[in-house]
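# Remarks on the overall topology
Below, each chain spelled out in residue letters.
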Amino acid sequence: MAKLRVLLAILTGLVAAAVLHVIILLAIPHFSNRDAYTRAVAEGKPHLFHLLEETTEKKTFASGDPFMRVAVCTFNIEEKPVRLTAVGVVPFWSVAVYDKASNEVFSMNDRTSAGGVMDILVADAVQIAAIRKAQPPSLSQAILAESDQTEGYVVLRTLVPQPSFGEEAERFLNEAKCQPTPWK
């Protein structure tokens with residue numbers, strides 16, 4: 001009788017495991033299009049910052065902070081590196097560069113930048129080596145950020161501690177650049 005109970009317990013466990021695996025396999029398509037890169041691509045054209053409205057996407061990219069305004073830009077550095085620039089008088093900003101797999105490649109904020117100005121060049125290893133060798137004057141102040149993948153996205157955030165800061169924060173985000181840049 002004890003052997004029968006053990007056999008029944010093992011059989012029940014195997015059936016439960018099989019059912020769980022089938023449920024997971026059927027759920028994969030539902031969750032596969034909800035990754036951060038796919039949501040960033042859905043915001044609009046690449047190489048432009050898109051201001052996120054009060055949506056689930058904004059909450060995801062801003063960690064749910066109600067005092068942050070957020071913009072997102074997707075990029076492709078296969079042909080040319082991407083230069084990220086922003087200038088403005090906001091109380092705080094931060095930027096994070098992610099690859100297509102949502103791995104953080106680079107991040108900084110206004111406190112760690114030179115003079116509060118954002119000037120970052122996202123490039124692959126070959127492009128960075130060529131830029132360092134050529135030392136183009138137009139890129140002399142840019143911070144070089146290397147990405148192993150050619151596609152990714154950038155999340156730019158700024159603080160809006162009071163409603164009176166809202167207009168300047170939106171101007172800062174709307175005027176931010178995320179553009180392919182010649183490097184040869």
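Along each chain, residues carry numbers from 1 onward, in the same order as the chain's sequence is written. pLDDT decides what is reported in this predicted model: residues at 70 or higher carry local features, side-chain atom pairs at 80 or more are listed and counted, and totals for whole chains, interfaces and linings draw on all residues regardless. With hydrogens and water set aside, each side-chain value is computed from the structure's full complement of heavy atoms.

### As for the sheet that holds strand β9 (residues 177–180)
A pair of strands is considered paired only if DSSP assigns at least 2 bridges between the two. A run of DSSP states H or I qualifies as a helix once it reaches four residues; a run of E qualifies as a strand once it reaches two. Both are numbered from the N-terminal end. With mixed pairing, four strands are arranged side by side in an open sheet as β7-β6-β3-β9. Only two strands of the sheet have a single neighbouring strand rather than two, namely β7 (143–146) and β9. For this sheet, the mean angle separating the axes of adjacent strands, direction not counted, is 25°. Sheet analysis places strand β3 (residues 82–86) next to strand β6 (residues 118–123), joined by five bridges and oriented antiparallel. Residue pairing across strands places alanine 86 opposite methionine 118, the latter belonging to β6. Pairs of residues are marked as contacts when any of their non-hydrogen atoms sit within 4.5 Å. The axes are straight lines fitted to the C-alpha atoms, using for helices just the contacting stretch, and the angles between their N-to-C directions are given from 0 to 180°. Along the sheet, helix α4 (residues 125–134) contacts β6 and β7; its crossing angle with β7, the most-contacted strand, is approximately 155°.

### Structural notes on the side chain of threonine 74
Assignment of secondary structure puts threonine 74 in strand β2 (residues 68–76). The rule is simple: take the accessible area with a 1.4 Å probe, protein chains only, and divide by the maximum for that residue type; under 20% is buried, over 50% is exposed, in between is partly exposed. Threonine 74 sits in the buried class, given a relative accessible area of 6%. What threonine 74 contacts, discounting residues up to four positions off in sequence, is Ala40, Val41, Lys45, Pro46, His47, Gly152, Tyr153 and Cys178.

### Here we look at the nonpolar core
One broad rule of soluble globular proteins: the nonpolar side chains tend to lie buried together. For this analysis, a nonpolar core means a set of buried residues of the types Ala, Val, Leu, Ile, Met, Phe, Trp, Tyr and Cys, connected via side-chain atoms within 4.5 Å. Membership of the largest hydrophobic core comes to 25 residues, with the highest contact counts inside it found for Phe49, Leu84, Trp93, Val95, Met118, Ile120 and Leu156. Mapped by element, the contributors of at least two residues to this core are β2, β3, β4 (93–99), β5 (104–109), β6, β8 (151–159) and α5 (166–175). In this view, valine 95 contacts Phe106, Ser107, Met108, Met118, Ile120, Val154, Val155 and Leu156; residues no more than four positions away in its chain are not counted. Core analysis: the second largest hydrophobic core is formed by twelve residues, Met68, Phe92, Ala96 and Tyr98 among them.

### Here we look at the sheet that holds β2
Taken together, the five strands give an open sheet; going across it, the order is β1-β2-β8-β4-β5, and neighbouring strands pair in antiparallel fashion. Of all the strands in the sheet, the pair left with one neighbour each is β1 (50–51) and β5. One ladder, built from five bridges, connects β4 with β5; its direction is antiparallel. Counterpart to valine 95 in the pairing with β5 is methionine 108. Of the strands in this sheet, β1, β2, β4 and β8 are in contact with α5, which crosses β2 at around 5°.

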